[in-house]
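Chain and residue survey
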Amino acid sequence: MSIEDQYDALFKALGHRVRRQILDLIKDGPKTTGVLCKTLAELDRCTVMQHLSVLEKAGLVVVERRGRERWNHLDALPIHDLQTRWIGPYAAHAITMLDDLSRLAGTDAPAADIADKSNA
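Quick summary incoming for the structure in this document. All values derive from a computational prediction rather than experimental measurement.

In this section: the packing of aromatic side chains. Using the criterion set out here, one finds three aromatic pairs in the structure. Note on Phe-11 and Trp-86: the rings are 6.2 Å apart at their centroids and 80 degrees apart in plane angle, and the pair reads as edge-to-face. Of the two residues, Phe-11 sits in helix α1 (residues 3–14) while Trp-86 sits in helix α5 (residues 77–105), which places them 75 residues apart along the sequence. Note on Trp-86 and Tyr-90: the rings are 5.9 Å apart at their centroids and 5 degrees apart in plane angle, and the pair reads as stacked. Residue Trp-86 and its partner Tyr-90 are both found in helix α5; the two are separated by four residues, about one turn of the helix.

With that settled, consider the pairing of strand β2 (residues 61–66). Two elements, β2 and strand β3 (residues 69–74), share six bridges in a ladder whose sense is antiparallel. In the sheet register, Arg-66 faces β3, and the bridge partner there is Glu-69. The turn joining β2 and β3, which pair antiparallel and follow one another in sequence, is formed by two residues; a positive phi near 60 degrees is taken by Gly-67.

Among the nonpolar cores identified, the biggest contains 19 residues, and Ile-22, Leu-55 and Leu-60 are the most heavily contacted of them. Those elements that place two or more of their residues in this core are α1, α2 (17–26), α3 (33–39) and α4 (45–57).

What counts, and at which threshold
- Residues numbered from 1 in each chain as written.
- Predicted model: local features only at pLDDT ≥ 70, side-chain atom pairs only at ≥ 80, totals over all residues.
- Heavy atoms only, no water.
- Phe/Tyr/Trp six-rings, centres within 6.5 Å; stacked < 30°, edge-to-face > 60°.
- Helix = DSSP H or I, 4+ residues; strand = E, 2+ residues; numbered from the N terminus.
- Pairing = 2+ DSSP bridges.
- Core = buried A, V, L, I, M, F, W, Y, C linked by side-chain atoms within 4.5 Å.
- Buried < 20%, exposed > 50% of the residue type's maximum accessible area, 1.4 Å probe, protein only.

Here you go:
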């Protein structure tokens, strides 16, 4: 699978709220598929399994089988790769643009301070 195919799978996996919810659930530790199904009671087991399959194909979930149980572990490395490839550089570019804008406006406040105030 090419790196572009890997990014496509990753964005597809992160593009659905249920899959992001599953990642949040396993962030603090692995959960069995049964526990995930009970937590996501509005979904049937087949739907939860389909979402887990998408997450596994994207490399975000690693499955460990213990007897009849299926333990789902988070692998955060693809998210780190996403941050390194996309989020970090775009955030740095945005800060640079804010710095340029604040200089043009005659403001002495650094762009990071302006960004922090806008998030508050």
